[in-house]
Amino acid sequence: MSPLDAEIRDLMRFAAERSMMPRFRALADDEIEMKGKDDPVTIVDREVEQFLTEALTKLAPDVAVVGEEAVAADATVLEKLSEACWIIDPLDGTANFTEGKEPFGIIIALADAGVAVAGWLYDPHKDRLCHARKGEGAFINGERVRARTTGHTPPVAGISTLFLDEEERVQINERIAPHYTMVDIPRCAAEQYPRLALGENDISVFKRTLAWDHAAGALWLNEAGGKAARYDGSEYRVDERDRTGLIGASSPDQWEAFAARIQGNLS
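Residues numbered from 1 in each chain as written. Predicted model: local features only at pLDDT ≥ 70, side-chain atom pairs only at ≥ 80, totals over all residues. Heavy atoms only, no water.

Draft legend 1. Representation of the sheet that holds strand S6 (residues 115-123). Spatially, the 7 strands line up as an open sheet ordered S3-S4-S5-S6-S7-S8-S9, and their pairing is mixed. Each end of this open sheet is capped by a strand with a single partner; those strands are strand S3 (64-67) and strand S9 (143-145). Each neighbouring strand pair of the sheet contributes to a mean axis angle of 20 degrees, computed without reference to strand direction. Packing against the sheet, helix H2 (residues 43-59) makes contact with S3, strand S4 (85-92) and strand S5 (105-112), and its axis sits at approximately 155 degrees to S4. (Pairing = 2+ DSSP bridges. Helix = DSSP H or I, 4+ residues; strand = E, 2+ residues; numbered from the N terminus. Axes fitted to C-alpha atoms, helices over the stretch in contact; angles between N-to-C directions. Contact = heavy atoms within 4.5 Å.)

Shown next, in the form of structure tokens:
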């Protein structure tokens, strides 16, 4: 593990130990708010983001920081996604956390000119750090990993219909469900991306593709030898703020087979 990977791990671990784990299953009602439908935010989100923003700014003063909660407060922060920037999801899986359930985690990515160049996904329960740098492979706690399929026939697809409209749900039911074993998603990108590389899921489809949810995970999956790309096969970019749709797969072959079935109809 590189010195930077170790430093990021230590920051995430400290934030989890200080702010996250003591409040797991112990949140007061006034420590939870709703930013929108199915979109809670807690005191933990804000504390962890503040801590990481300050720490990463000290680490690299010339690199901007784009945090999920900072964007919620001021949407113009998104303009920094085209610059060299850190991207923070301080509590990925907030809905799970507020319900006293796992999984949840912390995600940090480093991007430049709209492309993720490094990423870290931390699971505090497992003390698991998935990390990658562009062109250098994917790792878990310093050990290199290579994506593998589930080996199941039919393949396993974790797909949420939460953010799909009625037509898109019909497409999933008619084009996809007959050819895959459909399973629930964990509602946590820090868990979903590892599932795609570690033989648990073969396919995931994401309607919303917010940078703090997907920058690190998409990079990590691609570096592991799986494939994360837009429906048309193009690279995921963090600065395509209004673009929706992303397919993650345990292998390029699984990606191609799934993309052929949807034929762009969910874009």
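Draft legend 2. Quick peek at the nonpolar core. Membership of the largest hydrophobic core comes to 38 residues, with the highest contact counts inside it found for Leu81, Ile87, Tyr193, Trp220 and Val238. If you list the elements that add at least two residues to this core, you get S3, S4, S5, S6, strand S7 (128-133), strand S8 (138-140), helix H6 (189-197) and helix H7 (211-224). In terms of residue count, H7 provides more of this core than any other element does, 9 residues in total. Excluding anything up to four places from it in sequence, isoleucine 87 contacts Val66, Leu81, Ile107, Ile108, Ala109, Ala111, Ala211, Trp212, Ala215 and Val238. (Core = buried A, V, L, I, M, F, W, Y, C linked by side-chain atoms within 4.5 Å. Buried < 20%, exposed > 50% of the residue type's maximum accessible area, 1.4 Å probe, protein only.)

Draft legend 3. Highlighting the layout of surface pockets. Taken as a whole, the largest pocket holds about 880 Å³ of empty space. What lines the largest pocket is a set of 38 residues, and nearest its centre among them are Asp38, Phe163, Arg187, Arg208 and Asp213. Looking at the lining of the largest pocket, the elements that each hand over two or more residues are strand S1 (32-36), strand S2 (39-42), helix H3 (68-73), S4, helix H4 (94-98), H6, strand S12 (203-206) and H7. Counting residues per element, the lining of the largest pocket draws most heavily on H3, which supplies 4 residues. (1 Å grid on protein atoms, 1.4 Å probe; cavity = no way out; pocket = protein on both sides within 12 Å on 5 of 7 lines; lining within 4 Å. Points joined across faces, edges and corners; volume = space filled by probe spheres on them.)

Draft legend 4. Geometry of the pattern of salt bridges. Applying the stated rule across the entire model yields 20 salt bridges. Across the salt bridge formed by arginine 13 and aspartate 10, the nearest N and O atoms sit 4.0 Å from each other. Taken together, the residues arginine 13 and aspartate 10, both in helix H1 (residues 3-20) and 3 residues apart, mark about one turn of the helix. When the shortest N-O distance is used, the salt bridge between arginine 243 and aspartate 232 registers 3.1 Å. One end of the pair, arginine 243, is in the loop between strand S13 (227-229) and strand S14 (246-249); the other, aspartate 232, is in the loop between S13 and S14, and 11 residues separate them in sequence. (Salt bridge = Lys/Arg side-chain N within 4 Å of Asp/Glu carboxyl O.)

Draft legend 5. Region of interest: unusual backbone geometry. Following glutamate 102, the chain continues to proline 103 via a peptide bond in cis, the omega torsion being 0 degrees. Structurally, proline 103 can be placed in the loop between H4 and S5. A cis amide bond links threonine 153 with the next residue in sequence, proline 154, at an omega value of 0 degrees. Summarising the element assignment, proline 154 is placed in the loop between S9 and strand S10 (156-159). Backbone geometry at aspartate 127 places phi at a positive 50 degrees, although glycine is not the residue there. Along the chain, aspartate 127 turns up in the loop between S6 and S7. Taking relative accessible area as the criterion, aspartate 127 reaches 31% and is therefore assigned partly exposed.

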